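These are the residues of each chain, in order.
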Amino acid sequence: MKSVTVRISDHEIWRSPPSSHHGEDDFDWPPGWVEVHRSSPSNNSVEHVNSIREFHPPSLAGISKRKQKVFYTIAEVKKYIQQEEANKHKKDDKISCSDGCTNKVIGGGEVCKRHGESSPRRSSSRRRTKQQNSSTNNNQSYEGSVDALNRIMKVDNKLSQNMRQSILIAAVICRKRNDPYTQFLGSDGNAYSDLRSAFGKHISIKQCELCKQRVQGPFYCRIAHEHLDVPDYDGGSSYECLRGLFKCSVDDLVERQHELLYGGEGSRKRKAIEPSPSVLDGSKDNISSMDLMSEEVLLQIALFIPNLNGLISFCKTSKRMQKLLYTSGHSEKLFRGLFLQTFGKRGTVGNFEMNLSWRERWRMIYGLRRGLVHQQSSNMLRLNGTGANLRLPRQTLGVLSHAEESSALFYDNPEWSLTDDISNGYFGMKILHLPPPPDAANDWQPPVVCHGDFNGIKIFNSINAMFPNAQRRFVSLGDDEGGGQVLALIQCDMSPLTNEQTNRNQPSFFIGFASGRVAAVNATIAECGQKYNFSISGFHDAHVNEVTSLVFVNDIAPGGKSGKLLYSACGGGHVYCYPNALSPEHNFSMDESILAFSSNGAIFSMTSTVVDIGNHSSSIICTGDGEGKIRLWTRADEGLLARSLSEPVSLNESETKFVPIQVKQAGTRTGLVTRMKFVHNNLLVTCTNNGDLRIWKLQCCNKPYRYSGGEKGPKPQLELKYDKMSLHNGAVEVVNNIGDILLTSGGNDGQVIGVDLNTGLILQSIDCHTGENLQHREGSTLLAKSCVVDIILSGKEASMISLCRDGTLQRWSFA
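Worth saying up front: this structure is predicted, and the values here are computed from it rather than measured. (Residues numbered from 1 in each chain as written. Predicted model: local features only at pLDDT ≥ 70, side-chain atom pairs only at ≥ 80, totals over all residues. Heavy atoms only, no water.)

Residue-level account of the overall build of the chain, with values.
In terms of helices and strands, the chain carries 18 helices and 40 strands. By the burial criterion, 48% of the 815 residues in the chain qualify as buried. Of the contacts made within the chain by residues no fewer than 6 positions apart, 53% connect residues no fewer than 24 positions apart. A total accessible area of about 39,600 Å² is found for the chain, and carbon and sulfur atoms account for 48% of it. (Helix = DSSP H or I, 4+ residues; strand = E, 2+ residues; numbered from the N terminus. Buried < 20%, exposed > 50% of the residue type's maximum accessible area, 1.4 Å probe, protein only. Contact = heavy atoms within 4.5 Å. Areas by Shrake-Rupley, 256 points an atom, 1.4 Å probe, with all protein chains shown as cover.)

Residue-level account of the packing of helix α4 (residues 158-177) against helix α5 (residues 195-202), with values.
As a packed pair, α4 and α5 sit with axes 10 Å apart at the nearest point and diverge in direction by 135°. By the angle class used here, α4 and α5 are oblique. Judged by the sense of rotation from one axis to the other, the crossing of α4 with α5 is left-handed. Where α4 abuts α5, its residues R164, I167, L168, A170, A171 and C174 lie against L195, A198, F199 and H202. Residues of the contact of α4 with α5, tallied by class, amount to 8 nonpolar, 1 polar and 1 charged. (Axes fitted to C-alpha atoms, helices over the stretch in contact; angles between N-to-C directions. Parallel < 35°, antiparallel > 145°, perpendicular 65-115°, else oblique. Left-handed = near helix turned anticlockwise from the far one by under 90°. Nonpolar A, V, L, I, M, F, W, Y, C, P; charged D, E, K, R; others polar.)

Talk me through the sheet that holds strand β21 (residues 564-570); I want residue IDs and the actual numbers.
If you trace the 4 strands from one edge of the open sheet to the other, you get β20-β21-β22-β23, paired in antiparallel fashion. Where the open sheet ends on each side, the last strands, each with one partner, are β20 (547-554) and β23 (594-598). Neighbouring strand axes in the sheet, compared pairwise and without regard to direction, differ in orientation by 25° on average. With 4 bridges connecting them, β21 and strand β22 (residues 574-578) associate as antiparallel partners. Across the sheet, residue S568 finds its bridge partner in β22, namely Y576. (Pairing = 2+ DSSP bridges.)

Break down the nonpolar core for me, citing the residues and quoting the values.
Counting 44 residues, the largest nonpolar core has L311, L368, L743 and L793 as its most contacted members. Of the residues forming this core, the biggest block, 6 residues, is contributed by helix α17 (residues 358-373). Residues contacting L793, with those up to four places away along its chain left out, are E353, M364, L368, N736, I738, L743, S799, M800 and F814. Counting residues in each nonpolar core, the second largest holds 30 residues, with I167, C174, L245 and F246 among its members. (Core = buried A, V, L, I, M, F, W, Y, C linked by side-chain atoms within 4.5 Å.)

Before we move on, could you go through helix α15 (residues 319-326) and cite the residues and values that matter?
Among the residues making up α15, those that are buried are M321, L324 and L325. Angular distribution of buried residues about the axis of α15 spans 95°; they occupy a single face of the element. In α15, the exposed residues that point more than 90 degrees away from the buried face are K319 and K323. (Arc of directions from axis to C-beta.)

I'd like a description of the environment of S726, backed by residues and values.
Along the polypeptide, S726 turns up in the loop between β31 (710-724) and β32 (732-738). Through-space distance from the C-alpha of S726 to that of D692 is 4.7 Å; in sequence the pair is 34 residues apart. Once residues lying within four places of it in the same chain are set aside, the contact partners of S726 are R669, N690, G691 and D692.

So what's going on with helix α16 (residues 331-343)? Residues and values would help.
Taking 1.5 Å of rise per residue, the 13 residues of α16 would be expected to cover 18 Å, and the 18 Å separating its terminal C-alpha atoms lies within 8% of that figure. S331, L334, F335, L338, F339 and F343 are the residues of α16 that are buried. The buried side chains of α16 occupy one side of the element, clustering within an arc of 130° when seen end-on. Following α16 by one or two positions, G344 adopts a phi angle in the positive range, close to 75°. (Expected span 1.5 Å × (residues − 1).)

Which residues make up the sheet that holds strand β13 (residues 474-477), and what values go with them?
Strand order across the open sheet formed by 4 strands is β10-β11-β12-β13, with antiparallel pairing between neighbours. Edge positions in the sheet fall to β10 (426-431) and β13, since each of these pairs with one other strand and no more. Each strand of the sheet is rotated relative to its neighbour by a mean of 20°, with strand direction disregarded. Pairing between strand β11 (residues 448-452) and strand β12 (residues 457-460): 3 bridges, direction antiparallel. Its bridge partner being in β12, V449 is matched across the sheet by I459.

Outline the environment of L595, supporting the account with residue identities and numerical values.
Following the sequence through the fold, L595 ends up in strand β23. By relative accessible area, L595 is classed as partly exposed at 31%. Here the alpha-carbon distance between L595 and F658, two residues 63 residues apart in the chain, equals 9.7 Å.

Help me get a handle on the pairing of β32, residues and values and all.
Judged by how many residues are buried, β32 sits mostly within the fold: 7 of 7 residues are covered. If you look at the hairpin formed by β32 and strand β33 (residues 741-746), you'll find 2 residues sitting between the two strands, and G739 has a positive phi there, around 65°.

Which residues make up the pattern of salt bridges, and what values do they have?
Considering all chains together, one arrives at 15 salt bridges under this definition. A salt bridge links R369 to D740, with the nearest nitrogen and oxygen atoms 3.2 Å apart. Placement of the pair is R369 in helix α17 and D740 in the loop between β32 and β33, with a sequence separation of 371 residues. There is no split in this pair, since R369 and D740 are both buried. A single salt-bridge network, built from bridges that share partners, covers R214, R369, D740 and D756. (Salt bridge = Lys/Arg side-chain N within 4 Å of Asp/Glu carboxyl O.)

Explain the packing of helix α13 (residues 295-303) against α15 to me, using residue names and the numbers behind them.
The geometry of α13 relative to α15 is characterised by a closest axis approach of 11 Å and an angle of 75° between their N-to-C directions. As the angle between them shows, α13 and α15 are arranged roughly perpendicular. Contacts from E295, L298, L299 and A302 in α13 reach R320, M321 and L324 in α15. Grouping the constituent residues of the contact of α13 with α15 by class yields 5 nonpolar, no polar and 2 charged.

Explain the side chain of E405 to me, and be specific about the residues and the numbers.
With respect to the helices and strands, the residue E405 is situated in helix α18 (residues 402-408). Residue E405 is classed as buried on the basis of its relative accessible area, which comes to 3%. Within polar-contact distance, the side chain of E405 engages the side chain of Y426 at 2.7 Å. The residues contacting E405, other than those within four sequence positions of it, are T396, L397, G398, V399, L400, Y426, D806 and G807. (Polar contact = N/O pair within 3.5 Å; in protein donor to acceptor, adjacent residues only side chain to side chain.)

All quantities given are derived from atomic positions and should not be read as evidence of function.
See the structure below:
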């Protein structure tokens, strides 16, 4: 072949065919190859090229020069030519016809000599179609790479839109079936790995604010946790597309997958002749399998589900299960079982109205959480039906005079007071857990008790009667007994006991006075049958200091008793027990008291719980003093866990005695322990006058403790779970929990803060006081706010009522 040399420029020379020189073996070059020499302009000799040497293959039609392959050694060229020769002869390989014939057919669709059957050319399009059909019809799929998925999603077309729907549907199906999120079937028929990663990368859904604080992505928020009622952290609603998918059954979702793979009409034709994926993997259709089970079997299956989200998701798969959960006679049993399993018996005490169903309690918890989370973004927690940030004329309780209520504002802002005569304002309010009277109206509401800087208590007929726009009706009780202010109040159980001989009911609640008196208050139905009358049924003056706290302590060996004993603590550090206050055999008498124990200093807060291990139980009392210390106390008789609940013994003085077993610090700084409360699952919440809040876990360690030389058994101890330092800017006044939501208030910011007990994270804060302008002696002004001293939550009305120290009342709706 004749050699042709062309000089393109001063530093680029082309030669065809390439030459072998500089010690290289002679090589028979195929036609069309070009050798290129590139050098600097000063070194442009063809025979002495010391720079770059390239070998270019023959030009191919339809391929630009920049995409052609370039080789730099003859060895690479030889290898490339050998591969091209091998690819050229692939068409002559053996292929089989449909009956398994292995006769050689020379490409292009020649006829099989044995069967007379045409063997079509295997084009790439037909091969791709066969892969898709086999991946769906035969329940087989080809692996799709991550790069291929990324290329598909980069282009905004029908394929990428269908692929996004495939990812969403696959995620919901895995959540409903509790399958691992490992792979998913794309709309192109290929199986792609890592569904969770594909969801986070290609689905534009954002997580809620709480999950963002937990550093959890959109997949865990919207799919794993099913947060479908909470807005995005930026206030958006990107989660709306998932609501409809979660409402569908698994079969409907599988059918949608088929529509994405084949199209709507093809899917409907194939549905009659092809088994569903649930049949392919060995399971039957959900609805047909449920029809074969009795209602009792379905109930037992539902009772095994450990949480509410799992139960609701399970019941969505069948209309019969939805009927079992929402409309059958077993509905309350299912909701009650999950409630007790989640929050324990303590989670049901003191937080809900008596006529509230278990389903309404769940709705109340979820409604309150939604209201707190949405409060700033969508105003789901509304003030009197208006925006939460709108300032309205202040409404006050009106029990104290206007001058006293205005003076109470300086209690939380003492540096702005012009005089030392400051009112203490209101201390708190409680809604009474009483059943409706026999002739009560349909809109009957339980009474509300209020106490503050006045003698005795005030009892309102209803919540609405507390507001100025209603006809106020309240009665005074205990104002003429010489007890003074009421500082503590505790309610009895919802189902009161009765002495059959005297027909005397168990007291409705007990109150503790500043004089050291503890009194019992009875509620009896009025003659009209539409309301209650209240009276003090008995009292006892055991303390010489003010009564700061009242608690009920479980009797671990009832022996025919009520199962609870009343204890009271005072500023002098003494704790007394009233053994007959809840005993129908002794006519609920308050005449006797027993000194249970004494602390080194004043006791300002007290709470109690029960520690259970197996079939044993023991009562625990926790107290808080003025130095920021919290102490655990247990019974001093037979020791912890020494008796079984099934062993009846008579109540004696030793059963009321308690001894200390542990001392902890309530906050990071030394301060008075203002509030403490045992909530569900033996979680203890302690608060100080510095605004610190701590959440503890009470549990028993294996190491036994000793007292007075005797070994007592496993020792209960507190372990710190969450520490919320300076949660408020002053003394914490309110600690109230609804389910796993903790509501607290304190300081002079006029706020109620919601805290998640499971994570310790702050859900949201609510401004319950609009503020009043105060003027200092020097002439400066301040928008001063009053502390929220108590809150009332109503599940029936889905509302929250807040009371501030200066009497400010606000009604909030979280529906």
